[in-house]
Amino acid sequence: MQYSTPIPLFTTIIALNVAAQTTVPPVLIADLEGANAVIEPLKVCKANNELFFETRMEISPGRNYEDLWKSDGTALGTVKAVSRFAYPWQIALMDVSDAHFYYIRSTPLGDDPKLSWIAIGNSSSKSLTSPSTSGTGLVFNGKLIAAIYSDPIGKEMYTVDPATGTATLLRDINSTGSSTIGPSCIFGQNVFFVADDGKKGSELWVTDGTGTGTMMLKDLCPGSGSSSAGGFTPLANKVYFSAMNAAGNREPWVTDGTTNGTYMIKEVNPSSSTGSNPRDFTEFGGKVYFTADNGTNGRELWVTNGTAAGTGMVADINNQGDASPHDLVMHNKRLWFFARNAMSVIESLYSTDGTAAGTKVQISLPQNNNGHQLVSCNGRLFYRAYASGTSRLLRTDGTSAGTVYVAPPVAANNDPIANCKSVVINNWLNFFANYEGAGMKLWKVQ
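Here's a quick rundown of the structure. For clarity, every value in this text was computed on a predicted model and none was experimentally measured.

Pairing between the strands of a sheet is mediated by backbone hydrogen bonds and can be parallel or antiparallel. With antiparallel pairing, four strands are arranged side by side in an open sheet as E15-E16-E17-E18. The sheet is open, and its two edges are formed by strand E15 (180-187) and strand E18 (215-218), each paired on a single side. Taken pair by pair, the neighbouring strands of this sheet meet at an average axis angle of 40°, ignoring direction. Looking at chain direction, E15 and strand E16 (residues 190-196) are connected through five bridges and run antiparallel. Residue Cys185 lies in a different strand from E16, and its bridge partner there is Phe192.

Structure representation (structure tokens):
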């Protein structure tokens, strides 16, 4: 199957008219630290339909406070959930469950970072005194699955029980050193991760949270070479990801959690020394879409049903080079994304029904603008347009006339949107912005 029909060069482009500066006002949720506070929102998480986030506030040059917050999208429900960490203490939010924040804490003395956690709404935290951590983690079945470093074992996978404060080594995968960088994704009753046992290279492993249930799923690149799998995306009751085969080509793979059900879908670019480098796996219409470079058409939009025969290019959007589709989002029974065609350097918002004929430009962004963070929320699409050091949030129904800026009546700052993701809570898009130039605030728009 190959949908290689190019998009005609004369496809109608609907230019986004921003001259009128039409806006829709957002609703202020919380001012956080008050007027003129220099707030920098950092990592943002969502759990149980609530927003959890970390902030850093400058109190003087080189001195900061770092805090952990939670919000249900209302002013009263936006609260500081963890006591303030003053410089030179630093924290890095790892993951959130319905009961605990997990974070990495760096000490004032420059010691190894410590894995810490705190019950939401509690004022006292706990930390692992040994071993220390410098990895990543995911909340799984009420515990944290994390890559933790200790001497002399190195970095291996542990479970951390917040109730008892104990860390349990799942398995010493590499007896001569560190094996893993951390968990990658949760699929059913298992966590997938990549580990190197010192013999077969970096390969795909799986754990159910027990030592006996921690094992290599499959040696994707047989021998001592590494498949270095990544981009794990649970979709359609399977996990899609990219990995290198024995030839060193990075191609699309899929697994159902079993050894026999783990395989390379198709070698999209067999002539390359690097492969097709697939990414942005997204489910739509019972199939999985992704972007890849087959070595002939450049990076374009592809589709697969999990078989080689059912894998093909949807459309050659840019028949003179890379279309570079990105931010794939399902919305109103179509798949939406940003891409560039051969007519100009202008990036456009596209939609597709999964066929070449049904792939079309919806709106084109203003010149020199790039679209990012496309989100579907309550019947509309939201995205951020970046250009010349500015970032603006827009809402669209997929037409030029229905595309407006999200901004309050008075917005003096031309670069208001924070560099962290927006989150949908109760059909409202929650985001951080500094519209007046007087500090970041938490807003929402519908």
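Next comes the rest of the description.
With that settled, consider unusual backbone geometry. Unlike most non-glycine residues, Asn277 shows phi in positive territory, near 50°. By the secondary structure assignment, Asn277 is in the loop between strand E22 (262-264) and strand E23 (279-284). Given the relative accessible area of 28%, Asn277 is considered partly exposed. For Asn426, which is not glycine, the phi torsion reads 50° and is therefore positive. In this structure, Asn426 sits in the loop between strand E35 (423-425) and strand E36 (428-433). Judged by its relative accessible area of 46%, Asn426 is partly exposed.

Ranked by internal contacts, the top residues of the largest apolar core, which has 16 residues, are Leu32, Val44, Leu51, Phe53, Phe432 and Leu442. Among the elements of the structure, strand E2 (27-30), strand E3 (39-47), strand E4 (50-60) and E35 are those that each provide at least two residues to this core. The element best represented in this core is E4, accounting for three residues.

Let us now look at the layout of surface pockets. By volume, the largest pocket is sized at about 430 Å³. In terms of lining residues, the largest pocket is bounded by Cys45, Lys46, Asp95, Val96, Lys421, Ser422 and Val423. Looking at the lining of the largest pocket, the elements with two or more residues in it are E3 and strand E7 (90-96). In the lining of the largest pocket, the residues fall into three nonpolar, one polar and three charged. In this structure, the second largest pocket spans a volume of roughly 160 Å³. Taken together, twelve residues line the second largest pocket, and the ones lying closest to its centre are Lys43, Met94, Asp95, Thr136 and Gly137. Secondary-structure elements contributing two or more residues to the lining of the second largest pocket are E3, E7 and strand E11 (132-140). Here the lining of the second largest pocket is composed, by residue class, of seven nonpolar, three polar and two charged.

Turning our eyes to something else, we now look at the packing of aromatic side chains. Tallied over the full model, the rule gives twelve aromatic pairs. Both rings, one in Tyr435 and one in Trp443, keep their centres 5.2 Å apart while their planes meet at 85°; by these two values the pair is edge-to-face. By relative accessible area, Trp443 is classed as buried at 5%. Taken together, the ring pairs in this structure connect Phe53, Trp69 and Phe432 into an aromatic cluster. Sitting over the face of the ring of Tyr405, Arg392 holds its NZ or CZ atom 4.1 Å from the ring centroid. Sitting over the face of the ring of Trp428, Lys444 holds its NZ or CZ atom 4.7 Å from the ring centroid.

Looking at the element boundaries, Arg250 is found in strand E21 (residues 250-255). One buried charged side chain, Arg250, makes no salt bridge at all; its nearest oppositely charged neighbour is Glu251, positioned 9.4 Å away. Here the side chain of Arg250 touches Ser228 through a polar contact of 2.8 Å, landing on its backbone oxygen. Beyond its immediate sequence surroundings of up to four residues, Arg250 is in contact with Ser227, Ser228, Ala229, Gly230, Ser242, Ala243, Met244, Thr274, Gly275, Ser276, Asn277 and Pro278.

Analysis parameters
- Residues numbered from 1 in each chain as written.
- Predicted model: local features only at pLDDT ≥ 70, side-chain atom pairs only at ≥ 80, totals over all residues.
- Heavy atoms only, no water.
- Pairing = 2+ DSSP bridges.
- Helix = DSSP H or I, 4+ residues; strand = E, 2+ residues; numbered from the N terminus.
- Axes fitted to C-alpha atoms, helices over the stretch in contact; angles between N-to-C directions.
- Buried < 20%, exposed > 50% of the residue type's maximum accessible area, 1.4 Å probe, protein only.
- Core = buried A, V, L, I, M, F, W, Y, C linked by side-chain atoms within 4.5 Å.
- 1 Å grid on protein atoms, 1.4 Å probe; cavity = no way out; pocket = protein on both sides within 12 Å on 5 of 7 lines; lining within 4 Å.
- Points joined across faces, edges and corners; volume = space filled by probe spheres on them.
- Nonpolar A, V, L, I, M, F, W, Y, C, P; charged D, E, K, R; others polar.
- Phe/Tyr/Trp six-rings, centres within 6.5 Å; stacked < 30°, edge-to-face > 60°.
- Lys NZ or Arg CZ within 6 Å of the ring centre and 35° of its normal.
- Lys, Arg positive; Asp, Glu negative; His and termini not counted.
- Salt bridge = Lys/Arg side-chain N within 4 Å of Asp/Glu carboxyl O.
- Polar contact = N/O pair within 3.5 Å; in protein donor to acceptor, adjacent residues only side chain to side chain.
- Contact = heavy atoms within 4.5 Å.

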